[in-house]
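Descriptive structure summary
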There are 2 protein chains.
Amino acid sequence: MSRPDSFRIGLVQHACGDSTQANTDRCIELIRQAAEAGARLVVTPELFTTRYFPQAEDPAAFDLAEPVPGPTTQRLGELAAQLGIYISASLFEKRAAGLYHNSSVMIGPDGAIVQRYRKMHIPDDPGFFEKFYFTPGDQEPGWAVAPAGQVRAGMLICWDQWFPEAARLSALRGAEVLLYPTAIAWSDDEPEEEQQRQREAWITVQRSHAIANGVFICAVNRVGREGALRFWGSSFVADPGGTILAQGDTDSEQALVVDCDLARIEQVRRMWPFLRDRRVDAYADLGRRYGD
Amino acid sequence: MSRPDSFRIGLVQHACGDSTQANTDRCIELIRQAAEAGARLVVTPELFTTRYFPQAEDPAAFDLAEPVPGPTTQRLGELAAQLGIYISASLFEKRAAGLYHNSSVMIGPDGAIVQRYRKMHIPDDPGFFEKFYFTPGDQEPGWAVAPAGQVRAGMLICWDQWFPEAARLSALRGAEVLLYPTAIAWSDDEPEEEQQRQREAWITVQRSHAIANGVFICAVNRVGREGALRFWGSSFVADPGGTILAQGDTDSEQALVVDCDLARIEQVRRMWPFLRDRRVDAYADLGRRYGD
């Protein structure tokens, strides 16, 4: 059993095919595995019900979206209630005609949605045409921290992971773990050395959020080939000292289960008390695009 | 010779003893070595003219401070002019009676001070009693970017390296390389595993500033034992992709010389255009201490 000051988190790393039904079934199977292994909060990859459709700009792909609450949150709500766990699920959300978001929801052990987050930072580069599909989040204040049993979870998504601001703002709102459902991949046209650099940078920047904020971070990526993209998995949890507690491989479907000792937050923050020393009087220019 | 779009930076890693004269002589010797190897900008460790006096709170230690400009900037100015290089020097600055700063200065190849920076984030924990000695920087806007030949250098100091805000604000002011003169050490009372974790976290968080901002970073630490502290050296340069280009060891005095390809900044920022996607409309709470 977990100690009272620790929580067990589950990371569900899987591939995604053409069938929403099959993808959801596979995800649920792995969530069950994680719950059976004692996870009290299980996190899905980004947009796990579909292939990574932003590889191309296709108006027909908006048909893949669903309302929140909607069929998937309904099904996961029943699962969460049955298993008595929290589920963080990433979904393509239809908010209104022509208005879509890349969202994540925290579902509680009573089956209800505890919190919704709409991705704030939207990428767009070749093979990742997200600005075509996703309206940037506009909830107030943008950043969302959800209670998830013993722990408060910062609900961020993929591209957010490159922005120290998002991690900091979530920590300042009380997050103890930052969740990053992710869909990040290697492109076939990149040399192997560059691919490894990208994966290493992805791990490094998230570990640094753990260190700079004294929080756990939990990144959950998909695996598998989809067209020219090869999703690199490598889902991991880092502790507030930046140490990787567990990490998936680059191509297997798996349910990782990791114990997080919450007392570590206080320990690390006492030793390196960055929150004490922030120069909040001198940060106003962070609200500027550039200093010119 | 350097390519026109690259610059060669020198990192001077050395130990510091009781004699300011001897410490300065040793530093100058290594600066000369770096310049002879082609460095156009050479960076000293933090407070290189003295032992790390903040190990204890001793009013007599204020005698170690000097004005800026003062004897050390005079001596380094002559050296810079002789060698035709830029020197980034970290000094204990006396500003007025009872008013002291942990400062760094950029000295140009004409021997004049180009820019002064006063450390903004001041640590204080057992063995590093800096809040006793150093008034937090209060220049407007706090952050300083100095021209240093082909490159614009963000002038940060040690504890600043743990704050993503400082790196970001320097990058937004046009910094292409962030300089971190440093005095960071292992304490004898910490277990080996924790010591390695600390060094790894120190490297990770600075590499992440390179990645998140698409800039070079240059950290220069001292080496040697001083009382219960063992300074861990490991001075390094990382490129805008987070790759470590060169790194010193944990205990040798050395002058590292590293070529930085400035075109890499544009390359990396085109691929991962974080500056484009920052949500400057939603960052206001970064100016708050905490979200309660």
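Data block above holds the structure.
Structural notes, computed from the coordinates. If you're wondering where the values come from, they're calculated on a predicted model, not measured in any experiment.

On to the overall build of chain A. Summing up its helical and strand segments, chain A has 7 helices and 15 strands in all. In terms of overall size, chain A behaves like a compact globule, its C-alpha atoms giving a radius of gyration of 18 Å where 292 residues would be expected to give roughly 19 Å. On the principal axes, the C-alpha backbone points of chain A span a range of 55 × 50 × 40 Å. When the 292 residues of chain A are sorted by exposure, 61% land in the buried category. Pairs at least 24 apart in sequence give 68% of the contacts found in chain A among residues at least 6 apart. Summing over all exposed atoms, chain A offers an accessible surface of approximately 10100 Å²; the carbon and sulfur share of this is 50%. Seen as two clouds, the 30 positive and the 40 negative side-chain charges of chain A have centres 6 Å apart.

All names here are of chain A. Pairing is mixed across the open sheet formed by 6 strands, whose spatial order is β5-β4-β3-β2-β1-β15. Only two strands of the sheet have a single partner each, and these edge strands are β5 (113–118) and β15 (254–261). Sheet twist, expressed as the mean angle between neighbouring strand axes with direction ignored, is 30°. Strand direction decides the pairing type here: strand β1 (residues 6–13) and strand β2 (residues 41–43), joined by 3 bridges, are parallel. Within β2, the residue paired with isoleucine 9 across the bridge is leucine 41.

Okay, the relation of the copies chain B and chain A next. Note on the identical chains: chain B maps onto chain A by a rotation of 180° and an axial translation of 0.0 Å, with an RMSD of 0.0 Å. Classification of the inter-copy transformation places it as that of a two-fold axis. When the interface residues of chain B are mapped onto chain A, 100% of them again lie at the interface, so the same face is used by both copies.

All names here are of chain B. With mixed pairing, 6 strands are arranged side by side in an open sheet as β6-β7-β8-β10-β13-β14. Sheet topology places β6 (145–148) and β14 (244–247) at the edges, where each strand pairs with a single neighbour. Along the sheet, successive strands turn relative to each other by an average axial angle of 20°, direction set aside. Here 3 bridges tie strand β13 (residues 236–238) to β14, and the two strands are oriented antiparallel to one another. Bridge pairing links valine 237 to alanine 246 in β14.

Residues and elements named next belong to chain A. Given a rise of 1.5 Å per residue, 17 residues ought to cover 24 Å, and the 24 Å separating the end C-alpha atoms of helix α1 (residues 20–36) matches this to within 8%. On the buried face of α1, the contacting elements are β1, β2, α2 (71–83), β3 (86–96) and β15. The N-terminus of α1 is capped by serine 19, whose side-chain oxygen sits 3.3 Å from the backbone nitrogen of glutamine 21. Of the residues trailing α1, glycine 38 is marked for its positive phi of about 100°.

Attention now goes to the interface of chain B and chain A. Facing 54 residues of chain B, the contacting portion of chain A comprises 54 residues. Of the roughly 5300 Å² buried between chain B and chain A on both sides combined, carbon and sulfur atoms contribute 58%. Sorting the residues of chain B by area buried against chain A places B:Trp272, B:Leu286 and B:Arg289 first, and these three jointly supply 13% of that buried surface. Taken together, the links from chain B to chain A amount to 8 salt bridges. Those elements that provide at least two residues to the side of chain B that touches chain A are α4 (164–172), α5 (192–213), α6 (263–271) and α7 (274–277) of chain B.

Here we come to the packing of helix α1 (residues 20–36) of chain B against helix α2 (residues 71–83) of chain B. Residue and element names in this part refer to chain B. The interhelical angle for the contact between α1 and α2, taken along N-to-C directions, is 15°, at an axis separation of 11 Å. Between α1 and α2, the angle falls in the class roughly parallel. Note that α1 runs across α2; the crossing there is right-handed. Residues Gln21, Thr24, Asp25, Ile28, Ile31, Arg32 and Ala35 of α1 pack against Arg75, Leu76, Leu79, Gln82 and Leu83 of α2. For the contact of α1 with α2, the residue count by class is 6 nonpolar, 3 polar and 3 charged.

Next up on the list: the pattern of salt bridges. It is possible for side chains bearing opposite charge to pair when their charged atoms get close. Per the stated rule, a full pass over the model turns up 42 salt bridges over all chains. We note a salt bridge from A:Lys131 to B:Asp277, for which the minimum N-O separation is 2.7 Å. Here A:Lys131, found in helix α3 (residues 130–133), pairs with B:Asp277, found in helix α7, and the two come from separate chains. Note that A:Arg264 and A:Asp239 form a salt bridge whose closest N and O atoms lie 3.5 Å from each other. Pair noted here: A:Arg264 is in helix α6 (residues 263–271) and A:Asp239 is in the loop between β13 (236–238) and β14 (244–247), with a separation of 25 residues, a long-range link. Owing to a relative accessible area of 19%, A:Arg264 belongs among the buried residues under this scheme.

Attention shifts here to the environment of B:Glu253. Residue and element names in this part refer to chain B. Counting through the fold element by element, glutamate 253 comes out in the loop between β14 and β15 (254–261). Note: C-alpha distance between glutamate 253 and glutamine 74 (179 residues apart in sequence) is 24 Å. Not counting residues up to four positions away in its chain, the partners in contact with glutamate 253 are Gln13, His14, Ala15, Arg26 and Val223. Of the polar contacts made by the side chain of glutamate 253, one reaches the backbone nitrogen of alanine 15; its length is 2.7 Å. A polar side-chain atom of glutamate 253 sits 2.4 Å from a polar atom in the side chain of arginine 26.

Cut-offs and rules
Residues numbered from 1 in each chain as written. Chains lettered and ligands numbered in written order. Predicted model: local features only at pLDDT ≥ 70, side-chain atom pairs only at ≥ 80, totals over all residues. Heavy atoms only, no water. Helix = DSSP H or I, 4+ residues; strand = E, 2+ residues; numbered from the N terminus. Rg over C-alpha atoms; globule rule 2.2 N^0.38 Å. Buried < 20%, exposed > 50% of the residue type's maximum accessible area, 1.4 Å probe, protein only. Contact = heavy atoms within 4.5 Å. Areas by Shrake-Rupley, 256 points an atom, 1.4 Å probe, with all protein chains shown as cover. Lys, Arg positive; Asp, Glu negative; His and termini not counted. Charge placed at Lys NZ, Arg CZ, Asp CG, Glu CD. Pairing = 2+ DSSP bridges. Axes fitted to C-alpha atoms, helices over the stretch in contact; angles between N-to-C directions. Least-squares fit on C-alpha atoms with pLDDT ≥ 70 in both. Expected span 1.5 Å × (residues − 1). Polar contact = N/O pair within 3.5 Å; in protein donor to acceptor, adjacent residues only side chain to side chain. Buried area = accessible area lost by both parts, 1.4 Å probe. Salt bridge = Lys/Arg side-chain N within 4 Å of Asp/Glu carboxyl O. Parallel < 35°, antiparallel > 145°, perpendicular 65-115°, else oblique. Left-handed = near helix turned anticlockwise from the far one by under 90°. Nonpolar A, V, L, I, M, F, W, Y, C, P; charged D, E, K, R; others polar.

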